[in-house]
Amino acid sequence: MRRLRHLPSATNSATLHTFHFKSSSSASISPRRNLSVGACSLFSSNMEPPIAKKVKHQMEMFGDVRIDNYYWLRDDSRSEPHVLSYLREENAYTDHLMSGTKHLEEQIYSEIRGRLKEDDISAPFRRGAYYYYSRTLEGKEYSQHCRRPVGNVGTEASVYDTMPTGPDAPPEHVLLDENAKAQEHAFYTIGAFKVSPNNKLVAYAEDTKGDEIFTVHVIDAESRTPVGKPLAGVTSDLEWADNNALVYTTRDEILRPDKVWLHKLGTEQSLDICLYHETDDMFSVDLAVSESKKFLFVESASKITRFVFYLDISKPEDGLVILTPRLDGIDTSASHRGNHFFIKRRSDECFNSEILACPLDNTSATTVLLPHKPSVNIQEMQLFSDHLVVYQRENGLPKITIYNLPATGEPLDRLQGGRVVDFVDPIYSVDPSESEFYSCILRFDYSSMKTPPSVYDYDMNSGISVLKKIDVVLGGFDSGNYLTERQWATSADGTKVPISIVYRKDLVKLDGSDPLLLYGYGSYEVCIDPYFKASRLSLLDRGFIFAVAHVRGGGEMGRPWYEDGKLLKKKNTFTDFISCAEYLIEKKYCSKEKLCIEGRSAGGLLVGAVINMRPDLFKAVVAGVPFVDVLTTMLDPTIPLTTSEWMEWGDPRKEEFYFYMKSYSPVDNITAQNYPAVLVTAGLNDTRVLYSEPAKFVAKLRDTKTDDNTLLFKCELGAGHFSKSGRFEKLQEDAFTYTFIMKALNMVPSMP
């Protein structure tokens, strides 16, 4: 599982950055000062903002001297009283300034929660003799993991299958109730939930702090009693190796997944066998299991290179075998069907990837099944006993293509034709879901900006598609009220940049007077596809337009799109976003006075950079857990995950990268100028973007900017990168953010 400074506020992947610094006793909060900085005309208040004391910390490289007056805010222990006191003061200030709009926040929260069907189940998935699904209960924050016997196990799977319910149906069995487990913790999340091949055991990984350090428990599926002792201090990357062993990964002192372990049930963790140790700190290890469940793959990957080992699950004692060699610039991933391995391979020449096959007993004898196409990016492949499913991207949109495979044992040649799955929306999001290997049924997840998350079963022989579930949106939602479209902005260098847009067609005037929220990310080759978010309706139903700028650095337009937004081309990400904003203004989707922007994590870097570059362009900014102290962070190879990210951002120990990164790093480019209203969030236990980065950004911005616009900092003291863990808690955060945006736009209605 690759860890990124991520994720975007959908979904649906960012790095801990630490300094080993002991704060001096003088590094405390200075007395309140009679300054207007931070007191906002939009958010009137007689409470002065917290002013962080300046403690000079000088850094010099290549003859360049930087002064960081807020370096003291970094505390690896997260327990220094003066640091926690400052964070609490910021939270109190935020609460105070937003107290006058509590009625709107509560109204929006009530709307958002009112759209949610609180008692619901996911689309049941048939695995062997059971249907598996998750259930939510009214008023409960967390899910239950459940299963129910299929009944007539011998029947062939069909897209028309439905799980029997009612008094005569086989009884439901709750395997794990997260609500019961979460009672003892302020934060609780399950990172992995894996059922053994024989359906008798369950292994799950839990995190109770938000720091993404997991404990794995194994339980008997029927009795729910523990099997053996928990595995402590591991990642959530976990797979079964047959029915009596687990393979998992652990991280080193800089939180890089570096070791793969084999654990025999019933033995002590200290006796586990290390299958592989990756010593190169530019690489991290991942696990994957073949759809056939016969092989487990161990991948070691940097940003540009990935090589693969395989483990025969029937003979785990044989250890790992090399499948694809370690070659610089070659990225491979693998799966299995019959007597062949299937390999997705990317190289400089085949930058959008190709698919190969090789015999199990002669892995060097590869055959090209799907050749590389410069205009089509192969993202993922999914194997079945008789089919190969390929998830691709073309012209910025995802697509699914299905190929028939010859019978097992027959020669594999280049695949021709292929059936393409049709979708009705002009812009949409589609993702693979777990499917049964020995069947002709493909399951996938689908949504668009106006279509709620949906699960489809697709018969790969007949082409029949059946909707198995669509998320219920209560409160009178009608998708026909909304319009989605794609526009293309022209960036400064002439590149066409796609923008996905949604709005309510009976409310929006498109004359420049409409409020608009523009979202961006643009890093790690991550695709921010047009997706549905029910809470967003509270903006759309108030006349907002919502848009996503698919800027370079993401993967929406293929591998070159990513390459053109990283390293020494990173500024393309920012100029693309600015061009999208200017385009939306030019085409009268909004005006400068109505344009708000949002980004999270690496997207927080994006919005932090563009408000330094063009603060005049935006009215309000939301920067969630933003990666804003780029240069200082990337200069320290001892902090978590920095070394592996030099291939994403560059290594600033080299002069060219140092000055390039300094030229856009948000903390280093704050100047005495007017800024929009800004809301910044952080999580104290974040292991991807340390809380001190946004804290330093806020402290310096408050001290430097020349306007009276609001600057708020909200740090969750009991959460990490993905904020609070409860589903209703997350809705409350959306309500808070939307209230901030509406207040910045003077759209708050009078209190009843």
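In this text, all values refer to a predicted model and were calculated from it rather than measured experimentally. (Residues numbered from 1 in each chain as written. Predicted model: local features only at pLDDT ≥ 70, side-chain atom pairs only at ≥ 80, totals over all residues. Heavy atoms only, no water.)

## Overview of the packing of helix α1 (residues 81-98) against helix α11 (residues 692-704)
In the contact formed by α1 and α11, the axes pass within 12 Å of each other and the chain directions differ by 65°. Considering the angle they form, α1 stands roughly perpendicular to α11. Once α1 is placed against α11, the crossing between them reads as left-handed. Residues Y86, L87, E90 and Y93 of α1 form the contact with α11, whose participating residues are A695, V698, A699 and R702. Broken down by class, the residue content of the contact of α1 with α11 amounts to six nonpolar, no polar and two charged. (Axes fitted to C-alpha atoms, helices over the stretch in contact; angles between N-to-C directions. Helix = DSSP H or I, 4+ residues; strand = E, 2+ residues; numbered from the N terminus. Parallel < 35°, antiparallel > 145°, perpendicular 65-115°, else oblique. Left-handed = near helix turned anticlockwise from the far one by under 90°. Contact = heavy atoms within 4.5 Å. Nonpolar A, V, L, I, M, F, W, Y, C, P; charged D, E, K, R; others polar.)

## Quick word on the environment of D220
With respect to the secondary-structure elements, D220 resides in strand β10 (residues 214-220). Of the residues examined, D220 reaches a relative accessible area of 25% and is grouped as partly exposed. Separated by 145 residues in sequence, D220 and A365 place their C-alpha atoms 43 Å apart. If we skip the residues at most four places from it in the chain, D220 touches K200, L201, T225 and V227. A polar contact is formed between the side chain of D220 and the backbone nitrogen of S223, at a distance of 2.9 Å. (Buried < 20%, exposed > 50% of the residue type's maximum accessible area, 1.4 Å probe, protein only. Polar contact = N/O pair within 3.5 Å; in protein donor to acceptor, adjacent residues only side chain to side chain.)

## Some thoughts on the sheet that holds strand β12 (residues 238-240)
In space, the four strands of this open sheet follow the order β12-β13-β14-β15, with antiparallel pairing throughout. Each edge of the sheet is formed by a strand with only one pairing partner; in this case those strands are β12 and β15 (273-277). On average, adjacent strands in this sheet sit at an angle of 20° to one another, irrespective of strand direction. (Pairing = 2+ DSSP bridges.)

## With respect to the packing of aromatic side chains
Applying the stated criterion to the full structure yields 27 aromatic pairs. With 4.8 Å between their ring centres and 45° between their planes, Y310 and F341 make a pair best called tilted. Placement of Y310 in strand β18 (residues 306-312) and of F341 in strand β21 (residues 340-346) is noted, with a sequence separation of 31 residues between them. For Y310, a relative accessible area of 14% translates into the label buried. For F341, a relative accessible area of 1% puts it in the buried group. Summarising the aromatic geometry, the rings of Y524 and W649 are spaced 5.8 Å apart at their centres and angled 90° between planes, so their arrangement reads as edge-to-face. Taken together, the positions of Y524 in the loop between β34 (516-520) and α4 (537-540) and W649 in helix α9 (residues 646-649) put the pair 125 residues apart, joining distant regions of the chain. An aromatic cluster is built from F423, Y428, F444, Y446 and Y456, whose rings are joined through pairwise contacts. Over the ring of Y132 we find R127, and its NZ or CZ is 4.5 Å from the ring centre. It is R147 that lies over the ring of Y130; its NZ or CZ is 3.8 Å from the centre. (Phe/Tyr/Trp six-rings, centres within 6.5 Å; stacked < 30°, edge-to-face > 60°. Lys NZ or Arg CZ within 6 Å of the ring centre and 35° of its normal.)

## Quick notes on helix α10 (residues 655-662)
Those residues of α10 lying buried are F657, Y658, Y660 and M661. Where α10 is buried, its residues touch β1 (58-61), β2 (64-67), α6 (571-586), α8 (630-634) and α9.

## Regarding α1
Between its first and last C-alpha, α1 extends 26 Å over 18 residues, near the 26 Å set by a 1.5 Å rise per residue. Residues H82, V83, L84, Y86, L87, E90, N91, Y93, T94, L97 and M98 constitute the buried set of α1. Residues of α1 that are buried sit in contact with α2 (102-114), α11, β39 (711-716) and α12 (727-744). (Expected span 1.5 Å × (residues − 1).)

## Notes on the nonpolar core
Counting 134 residues, the largest nonpolar core has L87, L518 and L584 as the members making the most contacts within it. Here this core gets nine residues from one element, more than from any other, and that element is α12. Residue assignment places this core across two domains, with domain 1 (82-112 + 608-616 + 665-751) and domain 2 (338-474) each supplying three or more. (Core = buried A, V, L, I, M, F, W, Y, C linked by side-chain atoms within 4.5 Å. Domains from an automatic or database assignment.)

## Quick word on unusual backbone geometry
For S601, which is not a glycine, the phi torsion comes out positive at approximately 60°. With respect to the helices, strands and loops of the structure, S601 is situated in the loop between β36 (595-600) and α7 (602-613). Here the phi dihedral of N746 falls at roughly 55°; this positive angle occurs in a residue that is not glycine. Mapped onto the secondary structure, N746 falls in the segment after α12. Looking at N746, the relative accessible area reads 56%, which means it is exposed.

## A word on the domain arrangement of the chain
If you check the domain split of the chain, you get domain 1 (82-112 + 608-616 + 665-751) and domain 2 (338-474). The centre of domain 1, based on its C-alpha atoms, is set 41 Å off from the matching centre of domain 2.

## Overview of the UniProt feature "domain: Peptidase S9 prolyl oligopeptidase catalytic" (unreviewed entry) in the chain
As recorded in UniProt, the feature "domain: Peptidase S9 prolyl oligopeptidase catalytic" (unreviewed entry) lies at residues 531-746. Counted over residues 531-746, helix gives 39% and strand 13%. Its end C-alpha atoms are 28 Å apart. (UniProt positions renumbered as here; feature names shortened; annotations may be inferred.)

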